[in-house]
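Spelled out, the chains give:
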Amino acid sequence: MARATPGAGGGDPRLDAAPLTVAAVARTLGVAASTLRTWDRRYGLGPSGHQAGSHRRYTPEDVARLQTMRRLTLRGVAPVDAARIATESGSGDGRPGVEESPGEESDDESLVLDPLTLAAAAVEPDLRRVHRMLQRAAREAGIVAAWTDLVTPAVEMLDQGRQRLAERPGSDPYGVIQVGLMQAIRQLVVSGPAPVRILAPAQDRVRAHVIAGGLAEHDVGALVVSAEQVVREDGSLGWLPPGETAVLAVIGNPPGTEEVVTRASERGDATVFLLGDESPSIWLRHVHRVRTAQAAVAEIIATVRE
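Reading the values: rules and limits
Residues numbered from 1 in each chain as written. Predicted model: local features only at pLDDT ≥ 70, side-chain atom pairs only at ≥ 80, totals over all residues. Heavy atoms only, no water. Helix = DSSP H or I, 4+ residues; strand = E, 2+ residues; numbered from the N terminus. Phe/Tyr/Trp six-rings, centres within 6.5 Å; stacked < 30°, edge-to-face > 60°. Lys NZ or Arg CZ within 6 Å of the ring centre and 35° of its normal. Salt bridge = Lys/Arg side-chain N within 4 Å of Asp/Glu carboxyl O. Buried < 20%, exposed > 50% of the residue type's maximum accessible area, 1.4 Å probe, protein only. Pairing = 2+ DSSP bridges. pLDDT = per-residue confidence, 0-100. Contact = heavy atoms within 4.5 Å. Expected span 1.5 Å × (residues − 1). Bend = angle between axes of the 7 residues up to and from the residue. Polar contact = N/O pair within 3.5 Å; in protein donor to acceptor, adjacent residues only side chain to side chain. Axes fitted to C-alpha atoms, helices over the stretch in contact; angles between N-to-C directions.

Re the environment of Trp-239
Okay, so step 1: One can find Trp-239 in the loop between strand 2 (222-226) and strand 3 (246-251).
Okay, so step 2: Taking the C-alpha atoms as reference, Trp-239 lies 8.1 Å from Arg-197; in sequence the two are 42 residues apart.

As structure tokens, this is what we get:
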């Protein structure tokens, strides 16, 4: 019968939680001991466990922060920024989809809301943290502002780091941010009718949902419609609700835009908004132009409430 190796853990939680030496942590992370000492000296990511007359030891919480530091630096995040994020993240394990226990409170107010922190959480990947960040940003500034000021710059940072050659299977920072954003939008529930339809091609579908979320914050219902095959063979726009407050918002210039907008204008009971620099040059009655998602939300709300 094989003997249990001393110090191997063997599933004993007391051993798994035992403080570690610098050499042991260095082997665990795959870095030099001198690197750990540098991180301790420069960024304060040192061991917190200490007993009189003995060397300082790393606690499991210390190691969790160092693992975050290691992952971020490997993905191109500047060490000073990685250290700040590792310190702010505390001892969270960063596993996506891990639910908080019923007695655990989410300290959302302690979250740092900036694009770098959001991008880093997506790279981890830490879906729960991404969702909490976007939920708080939407609560404080609105979902459109969260998209404009937080999500878009974070995605641009991810684009700048795409020179890395490979990613771990199942690790998709863009997908993590999109899922977190959609979760935040789904929490904006509107009861009653939805007089607004937002037409968008596949590449602009997320922006369409952001605008719908911005309208929901003001109790205006909206549905996102696929830009493909929206015109019926008989020429009607059956997916566009009739009525004096009906609104159609078209993002960009998807195929069939001119035909859809022309027919909506001819119907006479709908107001059309064209959003984006790519929108076609159509000058018809009841057709208006807006440049930003924020402007689109404001104009649509004013139209519905006239």
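Structure shown, so let's carry the discussion forward.
What about the packing of aromatic side chains?
Okay, so step 1: With the rule as written, the count across this model stands at zero aromatic pairs.
Okay, so step 2: The aromatic ring of Trp-283 is capped on one face by Arg-289, whose charged end is 4.5 Å from the ring centroid.

A short note on the pattern of salt bridges
Okay, so step 1: Per the counting criterion, the structure on display carries seven salt bridges.
Okay, so step 2: When the shortest N-O distance is used, the salt bridge between Arg-71 and Glu-124 registers 2.7 Å. Of the two residues, Arg-71 sits in helix 4 (residues 60-74) while Glu-124 sits in the loop between helix 6 (115-123) and helix 7 (127-141), which places them 53 residues apart along the sequence.
Okay, so step 3: Residue classification places Arg-71 among the partly exposed positions, given a relative accessible area of 23%.
Okay, so step 4: Judged by its relative accessible area of 11%, Glu-124 falls in the buried class.
Okay, so step 5: The partner of Arg-84 in a salt bridge is Asp-114, and the shortest N-O contact between them spans 3.5 Å. Here Arg-84, found in helix 5 (residues 79-88), pairs with Asp-114, found in the loop between helix 5 and helix 6; they are 30 residues apart in sequence, far enough to count as distant.
Okay, so step 6: Given a relative accessible area of 28%, Arg-84 falls into the partly exposed group.
Okay, so step 7: Under the relative-accessibility criterion, Asp-114 is labelled buried at 18%.

Things to note about the pairing of strand 4 (residues 270-275)
Okay, so step 1: The element strand 4 is largely enclosed, with a buried count of six among its six residues.
Okay, so step 2: A two-sided burial pattern is seen for strand 4, the buried positions comprising Ala-270, Val-272 and Leu-274 on one face and Thr-271, Phe-273 and Leu-275 on the other.
Okay, so step 3: As paired strands, strand 3 and strand 4 are joined by six bridges and run parallel to one another. Paired with Ile-251 across the strands is Leu-275, a residue of strand 4.
Okay, so step 4: The sheet contact formed by strand 4 and strand 5 (residues 287-290) spans four bridges and is parallel. Of the residues in strand 5, the one forming a bridge with Leu-274 is Arg-289.

Considering the confidence of the model for the chain
Okay, so step 1: Looking at the chain as a whole, the pLDDT averages 78, with 77% of positions reaching at least 70.
Okay, so step 2: Every residue in residues 1-16 scores below 50 in pLDDT, and together they form three contacts with partners more than four places removed in sequence or on other chains.
Okay, so step 3: In this model, residues 91-106 is a region of pLDDT below 50 whose contacts with residues beyond four sequence positions or in other chains number 15 contacts.

Concerning the pairing of strand 1 (residues 196-200)
Put simply, side chains in a regular strand alternate between the two faces of the sheet.
Okay, so step 1: Burial analysis of strand 1 places five of its five residues in the buried class, which makes it a mostly covered element.
Okay, so step 2: In terms of strand pairing, strand 1 meets strand 2 through five bridges, oriented parallel. By the bridge assignment for strand 2, Ala-200 is matched with Ser-226.
Okay, so step 3: Direction of pairing for strand 1 relative to strand 3: parallel, over a ladder of four bridges. The residue of strand 3 that forms the bridge with Arg-197 is Leu-248.

Side note on helix 8 (residues 143-160)
In an α-helix, one full turn covers 3.6 residues, which means residues spaced three or four apart are oriented alike.
Okay, so step 1: Taking 1.5 Å per residue as the helical rise, helix 8 with its 18 residues ought to reach 26 Å, and the 24 Å between its terminal C-alpha atoms agrees with that figure.
Okay, so step 2: The sharpest bend along helix 8 comes to roughly 30 degrees, located at Val-151, with the proline Pro-153 sitting one to four residues further on.
Okay, so step 3: The complete set of buried residues in helix 8 reads Ile-143, Val-144, Ala-145, Ala-146, Trp-147, Leu-150, Val-151, Ala-154 and Leu-158.
Okay, so step 4: Packed against the buried residues of helix 8 are helix 6, helix 7, helix 9 (173-186), helix 10 (205-216) and helix 12 (293-304).

A word on the side chain of Arg-136
Okay, so step 1: Looking at the secondary structure, you find Arg-136 in helix 7.
Okay, so step 2: Side chain to side chain, Arg-136 and Glu-140 meet in a polar contact 2.7 Å long.

What about the sheet that holds strand 3?
Okay, so step 1: Ordered in space as 2-1-3-4-5, the five strands form an open sheet in which the pairing is parallel. Of all strands in the sheet, those with a lone pairing partner are strand 2 and strand 5, marking the two edges. Averaged over all adjacent pairs, the angle separating strand axes in this sheet is 25 degrees, with direction ignored.
Okay, so step 2: Across the face of the sheet, helix 12 comes into contact with strand 1, strand 3, strand 4 and strand 5 while running at roughly 175 degrees to strand 4.

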